[in-house]
Amino acid sequence: MSISQSDSGPVDENTAIIETIREQIESNPVLLYMKGDPNQPQCGFSSRSVQALMACGKRFAYVDIMANPEIRANLPAYANWPTFPQLWIKGELIGGCDIIAEMAESGELKTLVVEAAVEEDGA
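Residues numbered from 1 in each chain as written. Predicted model: local features only at pLDDT ≥ 70, side-chain atom pairs only at ≥ 80, totals over all residues. Heavy atoms only, no water.

The final tally for this structure, using the stated rule, is one aromatic pair. Taken together, a centroid distance of 6.1 Å and an interplanar angle of 40° make the contact between tyrosine 78 and tryptophan 88 tilted. Highlighted residues: tyrosine 78 in helix 3 (residues 69–79) and tryptophan 88 in strand 5 (residues 86–89), separated in sequence by 10 residues. (Phe/Tyr/Trp six-rings, centres within 6.5 Å; stacked < 30°, edge-to-face > 60°. Helix = DSSP H or I, 4+ residues; strand = E, 2+ residues; numbered from the N terminus.)

This part takes up the confidence of the model for the protein chain. In this model, the protein chain carries an average pLDDT of 91, and 89% of its residues clear a pLDDT of 70 or more. Counting contacts from residues 1–9, a segment whose pLDDT is below 50, to residues more than four positions away or on other chains yields zero contacts. (pLDDT = per-residue confidence, 0-100. Contact = heavy atoms within 4.5 Å.)

On to the sheet that holds strand 6 (residues 92–95). What links the strands of a sheet is backbone hydrogen bonding, and the strands pair in either a parallel or an antiparallel sense. Read across the open sheet, the four strands follow the order 4-1-5-6; overall the sheet is mixed. Among the strands making up the open sheet, the edge pair consists of strand 4 (61–64) and strand 6. Direction aside, neighbouring strands of the sheet carry axes that sit 25° apart on average. As paired strands, strand 1 (residues 30–34) and strand 4 are joined by four bridges and run parallel to one another. Bridged to tyrosine 33 within strand 4 is valine 63. In the packing of helix 2 (residues 44–54) onto the sheet, contacts are made with strand 1 and strand 5, and the angle to strand 1 comes to roughly 165°. (Pairing = 2+ DSSP bridges. Axes fitted to C-alpha atoms, helices over the stretch in contact; angles between N-to-C directions.)

Written as structure tokens, this is what we have:
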């Protein structure tokens, strides 16, 4: 009798990756999935998004999707949003670079980020 590997390996792996993504989003009030890191963004969209977030004056978490290819591969399906960067605030997908820039210009981004930071500090 032989025991064969089933296709459950990749499914289990994808389940674990989705769980990791969920935990990251739930554990960080302000989270940016980006290419690179805030000090060295690897694309213009990530760079502009980081600048908008930094202008809010509060800390934010980030995940470098270039260093985490499994997250890069699975997050678009999880979020139903195909591109990067992706900004999540209090567990909700806000959007990508264009939306982040529009919200920064209107002042709405700073309001959301500051509220999320206050809730985190007060928790």
